[in-house]
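Listed below are the residues making up each chain.
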Amino acid sequence: QVQLVESGGGLVQAGGSLRLSCAASGRTFSTYNMGWFRQAPGKEREFVAAITWSGGRTNYADSVKGRFTISRDNAKNTVYLQMSSLKPEDTATYYCAALRSIAIITTPRAYDYWGQGTQVTVSS
């Protein structure tokens, strides 16, 4: 079992930056691939970024490539999402999620564990 707690959300102006953190409980964090997803009001939850258990591979949604960076520190049981050049359309609740898999998965329903989410609001 993995428990996930996100933090770092907030209100930022367009063009600004935020770093989200997701702290995981348990000693098996390093065996899980991790993903970041987001959900805006009235929209489906969508994939943002993912990273393998070792940190060796990453994947990004086209909408955030070149602006967001996912990373992890297995010694701290934490995964990060560095967000730069933020746009108003990035406004959403951001969730981290975990699953055990060989491949990077971008489908939300495949993930086993979820955090409670952290709100990111980008003003124009």
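How each quantity is defined
- Residues numbered from 1 in each chain as written.
- Predicted model: local features only at pLDDT ≥ 70, side-chain atom pairs only at ≥ 80, totals over all residues.
- Heavy atoms only, no water.
- Core = buried A, V, L, I, M, F, W, Y, C linked by side-chain atoms within 4.5 Å.
- Buried < 20%, exposed > 50% of the residue type's maximum accessible area, 1.4 Å probe, protein only.
- Helix = DSSP H or I, 4+ residues; strand = E, 2+ residues; numbered from the N terminus.
- Contact = heavy atoms within 4.5 Å.
- Phe/Tyr/Trp six-rings, centres within 6.5 Å; stacked < 30°, edge-to-face > 60°.
- Lys NZ or Arg CZ within 6 Å of the ring centre and 35° of its normal.
- Disulfide = S-S within 2.5 Å.

> Hey, could you run me through the nonpolar core in this one?
The biggest cluster of nonpolar side chains holds 37 residues, and the ones touching the most others in it are Met 34, Trp 36, Leu 81, Met 83 and Tyr 94. Elements with a contribution of two residues or more to this core: strand S3 (18-24), strand S4 (33-39), strand S5 (46-51), strand S7 (68-73), strand S8 (78-83), strand S9 (92-99) and strand S11 (118-123). Among the elements that take part in this core, S9 stands out by supplying 6 residues, more than any other. Dropping the residues within four chain positions of it, Met 83 is found in contact with Gly 16, Ser 17, Leu 18, Leu 20, Arg 67, Phe 68, Tyr 94 and Val 120.

> Would you mind showing me how to read the packing of aromatic side chains here?
In this description, a pair of aromatic rings is defined by centroid distance and the angle of the planes. All told, the structure shown has 6 aromatic pairs when counted by the stated rule. When the ring of Phe 37 is compared with that of Phe 47, the centres are 5.8 Å apart and the planes differ by 70°; the resulting orientation is edge-to-face. Placement of the pair is Phe 37 in strand S4 and Phe 47 in strand S5, with a sequence separation of 10 residues. Take Phe 37 and Phe 47: they sit in the same class, and that class is buried. With 5.1 Å between their ring centres and 50° between their planes, Phe 37 and Trp 114 make a pair best called tilted. One end of the pair, Phe 37, is in strand S4; the other, Trp 114, is in strand S10 (residues 113-114), with 77 residues separating them in the sequence. Taking the relative accessible area as the measure of exposure, Phe 37 reaches 0% and is therefore buried. Each residue in the set Phe 37, Phe 47, Tyr 95, Tyr 111 and Trp 114 is aromatic and connected to the rest through ring pairs, giving one cluster. Here Arg 45 stacks its cationic end above the ring of Tyr 95, 3.8 Å away from the centre of that ring.

> Please clarify how the state of the cysteines should be interpreted in this entry.
What makes a disulfide is a covalent bond joining the sulfur atoms belonging to two cysteines. For the structure shown, the criterion picks out 1 disulfide. Across a sulfur-sulfur distance of 1.9 Å, Cys 22 and Cys 96 are joined as a disulfide pair. On the sign convention where negative means left-handed, the S-S torsion of about 50° between Cys 22 and Cys 96 marks this disulfide as right-handed. Of the two residues, Cys 22 is situated in strand S3 and Cys 96 in strand S9; the sequence distance between them amounts to 74 residues. With respect to burial, Cys 22 and Cys 96 carry one shared label: buried.

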